[in-house]
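Summary of the model geometry
Below, each chain spelled out in residue letters.
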Amino acid sequence: MYRCVTRAAWLLLATPICAFAFEAVDVLTPADSGVYPAYPSEPLPPYNLWGQFGMMYDSNILRRTTGDNHELLTRLGIGGRWDQRIVGRQGLHAEGRVDSYVYNQFGELDNIAYGGLAEWRYEVGNDLSGAIGVSRRKFQANLSEIQRPIYDPITETQFSANGRYVLGPHIGLHAGAAFIDYNRPSRAFSNTKTTIATGGIDYVTSLGNALGVEVAQAHGNAPVNQLVDPLGLFVNNDYTQRDVAVTGNIGISPTMRVAGR
């Protein structure tokens, strides 16, 4: 009986050695992107939370030529991110942040700013992918513009959709559309609603460097200032803007990339 128990104990001790055996030489990941990665990186967690705190001293925060405009600004912020696969390759991405700004001298500027984004990230087959989302942010107008200690909030809401289609191993087509609603209660004549359409083509090398051409057209509409047109004779205050850009993204070292437009 003692021998049977002893043999069984030695067998149990030897079993994990066989079950958890490993290669004497580690197998490295192939260098399919031109940069040898050695070991694969750790996968990103499905969510993360963060917080930050900062203080800044500015000798002339209002950018005025006269007066005592020095300020000690304190910022406290929290935020987070969440990524979740929903069905197959389709996933949901959400992120947001809230920042509290406290001014030491100009207390009337104290405010809470926020920003948020929600995207549905889709993949159709192996060639088509993109995102459909909505974002919104609220922030204080630039103090160097108004040059007064006045709380002047701006709210910007954006709806967007984009996609990229791969033509072979090196050519990719991308397109997108966005609608931006810019709202500034203190200056109603600055409120604009803008629609943007974008399209382009990219060439990507085997090393991951990219060179492309992009064309964008924006059409916006802003209300007419009553001081300029008190009788309402102007038909509209529309504008159109066209952009043609050459874009590039080049890796100059295994840990550094340079992007230009």
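First, a word on scope: everything that follows refers to the structure included in this document.

**Details of the overall build of the chain**
- For the chain, the helix and strand inventory stands at two helices and 11 strands.
- The N-to-C order of helical and strand elements in the chain reads α-β-β-β-β-β-α-β-β-β-β-β-β.
- Of all 261 residues assigned to the chain, the portion counted as buried reaches 21%.
- Restricting the contact set of the chain to residue pairs at least 6 apart, pairs at least 24 apart contribute 46%.

**Some remarks on a nonpolar patch on the surface**
- Residues Tyr165, Leu167, Leu173, Ile201, Leu211, Val213, Val215, Val244 and Val246 make up a contiguous nonpolar surface patch of about 800 Å² in total accessible area.
- Taken together, the elements giving at least two residues each to the nonpolar patch come down to β6 (153-167), β9 (210-221) and β10 (238-253).
- It is β9 that contributes the most residues to the nonpolar patch, three residues altogether.
- According to the relative accessible area criterion, valine 246 is exposed, its value standing at 52%.

**Some points on the side chain of glutamate 214**
- By secondary structure assignment, the location of glutamate 214 is in strand β9.
- Taking relative accessible area as the criterion, glutamate 214 reaches 16% and is therefore assigned buried.
- At 2.9 Å, the side chain of glutamate 214 and the side chain of arginine 261 are in polar contact.

**Some words on the pattern of salt bridges**
- For the coordinates displayed, the defined rule picks out 12 salt bridges.
- In this structure, arginine 63 and aspartate 58 form a salt bridge, with 3.2 Å as the shortest nitrogen-oxygen distance.
- Among the charged side chains, a network of salt bridges with common partners joins Arg81, Asp83, Glu119 and Arg121.

**Overview of the pairing of strand β8 (residues 192-204)**
- In this structure, strand β7 (residues 171-183) lies alongside β8, joined through 12 bridges in antiparallel fashion. By the bridge assignment, aspartate 181 is partnered in β8 with lysine 193.
- With 12 bridges connecting them, β8 and β9 associate as antiparallel partners. Within β9, the position partnered with aspartate 202 by the bridge is glycine 212.
- Between β8 and β9, which pair antiparallel in sequence order, lie five residues; one of them, glycine 208, sits at a positive phi of approximately 90°.

**Quick notes on the sheet that holds strand β3 (residues 90-103)**
- Pairing within the open sheet is antiparallel, and its 11 strands lie in the order β1-β2-β3-β4-β5-β6-β7-β8-β9-β10-β11. With partners counted over all chains shown, the strands left at the sheet margins are β1 (47-58) and β11 (256-260), one partner each. For this sheet, the mean inter-axis angle between neighbouring strands, taken without regard to orientation, is 15°.
- Here β9 pairs with β10 via 12 bridges, running antiparallel. Bridge pairing in β10 places valine 213 opposite valine 246.

**Re the pairing of strand β4 (residues 111-124)**
- Of the strand pairs in this sheet, β3 and β4 are connected by 11 bridges, and their pairing is antiparallel. Residue pairing across strands places aspartate 99 opposite alanine 113, the latter belonging to β4.
- Bridging between β4 and strand β5 (residues 128-140) involves 11 bridges; their strand directions are antiparallel. Following the sheet pairing, glutamate 123 is matched in β5 by serine 129.
- If you look at the hairpin formed by β4 and β5, you'll find three residues sitting between the two strands, and glycine 125 has a positive phi there, around 65°.

**Considerations on the nonpolar core**
- One finds Ile61, Leu62, Leu73, Tyr103, Phe106, Leu109, Leu143 and Ile146 forming the largest nonpolar core, which totals eight residues.
- Once you skip the residues sitting within four places of it in the chain, leucine 143 turns out to touch Ile61, Leu62, Tyr103, Leu109 and Arg148.

**Observations concerning unusual backbone geometry**
- In this structure, arginine 63 is a non-glycine residue whose phi angle is positive, near 55°.
- Along the polypeptide, arginine 63 turns up in the loop between β1 and β2 (71-87).
- Here glutamine 147, not a glycine, exhibits a phi torsion of approximately 55°, which is positive.
- Among the structural elements, glutamine 147 can be located in the loop between α2 (143-146) and β6.

**Concerning the environment of valine 213**
- By the element assignment, valine 213 lies in strand β9.
- Sequence-distant contacts of valine 213, that is, excluding residues within four places in its chain, are made with Gly199, Gly200, Ile201, Ala245 and Thr247.

Each value, and the rule that gives it
Residues numbered from 1 in each chain as written. Predicted model: local features only at pLDDT ≥ 70, side-chain atom pairs only at ≥ 80, totals over all residues. Heavy atoms only, no water. Helix = DSSP H or I, 4+ residues; strand = E, 2+ residues; numbered from the N terminus. Buried < 20%, exposed > 50% of the residue type's maximum accessible area, 1.4 Å probe, protein only. Contact = heavy atoms within 4.5 Å. Patch = residues over 30% accessible without salt bridge, like charges linked within 9 Å, V, L, I, M, F, W, Y side chains within 5 Å. Areas by Shrake-Rupley, 256 points an atom, 1.4 Å probe, with all protein chains shown as cover. Salt bridge = Lys/Arg side-chain N within 4 Å of Asp/Glu carboxyl O. Polar contact = N/O pair within 3.5 Å; in protein donor to acceptor, adjacent residues only side chain to side chain. Pairing = 2+ DSSP bridges. Axes fitted to C-alpha atoms, helices over the stretch in contact; angles between N-to-C directions. Core = buried A, V, L, I, M, F, W, Y, C linked by side-chain atoms within 4.5 Å.

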